[in-house]
Structure formats: structure tokens, C-alpha cells
Amino acid sequence: MSLLTRAAGAAAVMLLLLTSPAAADNKKVVLSQAFQSMLYLPLYVAIDEGFFTQQGLDLTKETAGAPTVALSAVISGSAQFSIHGPEWTAIAASKGAPVGIIANVVNGAAVWIATTPDFKFDSIKDIKGQKVVTGLMPTTSTSLFMKLLKENGMDAKTDVEMIPVAIGTEPGPFIAKQANVAVMYEPGLDQVVAKGMKVVFGFPKAYGAYAFSAVTARNDVDPDVAQRVVNAMEMAMRFMATNEAKTVEIAKKEFPSLEPAVVEAAVKRMLADGVYPPSVDITADALKVSMDTQIALGNLAGQPDYKSFVVRKYIEPALSMK
């Protein structure tokens, strides 16, 4: 090999290194998730498919155990980003915390109502007087259920008997027939469906676009790092929209203790119902519908200002990526 050829080869490698974010930067970032949740599958796809690495990031995922703990990690600076419901960020911001949301993660009200197979259900009013398994408050599933009752002239305290249980344990008492009705997230929903229960109401289709989970960051976050995180999430969502089978396989890997058939059914349901968004975009309408639930329940005094709360300076460049 001639000296000229070797020099050209070295120059090509150098050019590749200089133009590769992963090789050039490898910036360390910490993201705190509220839980290990199937709702956060776009995050896991971004990790497993190497999209953060492609964006020049060395991302560490931490599990906080609660939305408020994950958010506190961002506020304190022990994590740069967190994933959980945007209502927690809105509540903190309303109290002066310097935080906002920078990317969509879940864009549908990912909650469903299931009943025993012989329960007659024509409308939500049919559950009046029934025992209902729900998640312990505060949680969006129970909040949505209470709001739905109110919209239909019922009171959660007097018209139904709620059986509150730890989030994720709803299938147990429901399958044990302690109640004929349950309000559920995935994968619990498809766990009970596999046992013969039926889905009678889906909040995703009832509400449409609904900002359910999002990436939160401090207002003073490193803008370059934030952009790369949003870009990686955008790559993951585009991947999920066109690679259903591989998305299911990643979910099975992330949740090995669940029956593979349950994981597959849950992922396919959430893709079909629009729970996983096609992009990181968060519309003003989706945010409003989400925050209206919290306002109706008294958790939030008013709507956050969309223009300052949703940081579109990161969303727009991600959406325009080729």
C-alpha cells in the first residue's frame, strides 16, 4: 500500500471520527424514570437500538420508584432528565421549580376499564353500585376514572366502591373476583384478558391525543445534550412506527418475567390505540386535555403556559431530522 493511499485512508477515518457524535463526544447523561414501565417503551427502544449512542451520549437510566422522586432528581441536579406524567412537572413549575417538558413519550390516555366476562356493560353508568379495583392515588388511571364518573353524573365516593391497590397489582384482586370491574394500565390489562376478562372502555380512543408521559428537564439544562436526547427519542418513535415486530422483541427483553404473549398483545394494543406517539411532538391540545384532568381533580390550579412549559426549541429540530 502506497504512502498516499495510507494517508488517504487515515484522513477518511479522521473525518468519520470528527463527524460522528458518539465518537467525538460520548457525553454522560443521567435519565431518571419513575418506574420500569411498558409505557416508557420508546426510551428502551432508544437505548436498545443505540440511538442515544448515535447521538453521542452515554446515557445511564435510573429507576426512581415514583414520579415525584424522578422529578426531584432533575430539580436537584442529580439527573438531567426524567420521564413521568407531565402533570408532576406542571405542578412543580406552578410552585416555581425551573422545569419544563422537552419531548413526548406517551401521547394517549393509556388506561382501560375491564370487566368480568359475564358483566353487562353498555355504558359507564352500568358500573354504578359496583366494586372497582383501582390503583392507589395519586395515579392517572384512577384520576381519569374519577373524572369519567363525574362527567357521567356519578360520585367516586358514593356511587362505586373503589378497592385501591398498589399500581401494577390490579390483576390479582380482579382475577380473584373481589370486584367485577377494574381500571388498568398495560401490561396488567392483557394479563387479565388472557384470563378471560373483557375490555369494555378505552380512554385512548375516548380522549384522543393526551400528553400522558414526557421527558422533563431543568430550564438551564445543557441545550446540546437536551437536543441529542430529544433526537434519540424521535429516532425511537420513528423506528417503532415501522418496526412492530422488533419493537415487540425489545419489550419482551425488557420485561422477561411477563408472558411473551401478554407483552406482544400489550405492545400491539398500545401501538394500535395511539398510546405510543409517532414523534416527540406535544401539541397544545394534547397538553390541555391532560392538564384538564388534573385541574378537575384539584391537583392543578390552572393550565400551564404552553409556550414556556413545552420547550419546542428541541422538538422542532428533532421533527425536521432526515
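Fair warning: this is a prediction, and the values are worked out from it, not measured in the lab. (Residues numbered from 1 in each chain as written. Predicted model: local features only at pLDDT ≥ 70, side-chain atom pairs only at ≥ 80, totals over all residues. Heavy atoms only, no water.)

1. Some points on the nonpolar core
The nonpolar side chains of a soluble globular protein tend to be buried with one another.
Phase 1 of the analysis: The biggest cluster of nonpolar side chains holds 98 residues, and the ones touching the most others in it are Phe81 and Ile102.
Phase 2 of the analysis: Among the elements that line this core, the one with the most residues is helix 11 (residues 223-242), at 11 residues. (Core = buried A, V, L, I, M, F, W, Y, C linked by side-chain atoms within 4.5 Å. Buried < 20%, exposed > 50% of the residue type's maximum accessible area, 1.4 Å probe, protein only. Helix = DSSP H or I, 4+ residues; strand = E, 2+ residues; numbered from the N terminus.)

2. Digging into the sheet that holds strand 1 (residues 27-33)
Phase 1 of the analysis: Read across the open sheet, the 5 strands follow the order 2-1-3-10-4; overall the sheet is mixed. Among the strands making up the open sheet, the edge pair consists of strand 2 (57-63) and strand 4 (99-108). Across the sheet, the mean angle from the axis of one strand to that of its neighbour is 25°, orientation sign disregarded.
Phase 2 of the analysis: Where strand 1 meets strand 3 (residues 81-84), 3 bridges bridge the pair, whose relative direction is parallel. Residue pairing for strand 3: glutamine 33 is matched across the bridge by isoleucine 83.
Phase 3 of the analysis: The strands touched by helix 11 are strand 1, strand 2, strand 3 and strand 4; relative to strand 4, the strand with the most contacts, the crossing angle is about 5°.
Phase 4 of the analysis: Helix 14 (residues 284-296) contacts strand 4 and strand 10 (209-218) of the sheet and is inclined by roughly 90° relative to strand 10. (Pairing = 2+ DSSP bridges. Axes fitted to C-alpha atoms, helices over the stretch in contact; angles between N-to-C directions. Contact = heavy atoms within 4.5 Å.)

3. Some details on the sheet that holds strand 6 (residues 131-135)
Phase 1 of the analysis: Read from one edge of the open sheet, 5 strands run 7-6-8-5-9, paired in mixed fashion. Edge positions in the sheet fall to strand 7 (161-165) and strand 9 (198-202), since each has one partner strand and no second. Averaged over neighbouring strand pairs, the angle between their axes works out to 25° when direction is ignored.
Phase 2 of the analysis: With 5 bridges joining them, strand 6 and strand 7 adopt parallel strand pairing. Residue pairing across strands places valine 133 opposite isoleucine 163, the latter belonging to strand 7.

4. Considering the layout of surface pockets
Phase 1 of the analysis: Estimates place the volume of the largest pocket at around 670 Å³.
Phase 2 of the analysis: Around the largest pocket, the lining comprises 34 residues; the ones closest to its centre are Phe35, Leu39, Thr139, Ile167 and Tyr185.
Phase 3 of the analysis: Secondary structure elements with two or more residues in the lining of the largest pocket: helix 5 (67-76), helix 6 (86-94), helix 7 (140-151), helix 9 (188-193) and strand 10.
Phase 4 of the analysis: Broken down by element, the residue count for the lining of the largest pocket peaks at 3 residues, all from helix 6.
Phase 5 of the analysis: Class assignment of the residues belonging to the lining of the largest pocket gives a composition of 17 nonpolar, 14 polar and 3 charged. (1 Å grid on protein atoms, 1.4 Å probe; cavity = no way out; pocket = protein on both sides within 12 Å on 5 of 7 lines; lining within 4 Å. Points joined across faces, edges and corners; volume = space filled by probe spheres on them. Nonpolar A, V, L, I, M, F, W, Y, C, P; charged D, E, K, R; others polar.)

5. Structural notes on unusual backbone geometry
Phase 1 of the analysis: Glutamate 186 connects to proline 187 through a cis peptide bond whose omega is 5°.
Phase 2 of the analysis: With respect to the element layout, proline 187 can be found in the loop between strand 8 (181-184) and helix 9.
Phase 3 of the analysis: One non-glycine residue, lysine 177, lies in positive phi territory at about 65°.
Phase 4 of the analysis: Relative to the assigned elements, lysine 177 resides in the loop between helix 8 (171-175) and strand 8.
Phase 5 of the analysis: Since its relative accessible area comes to 67%, lysine 177 is described here as exposed.

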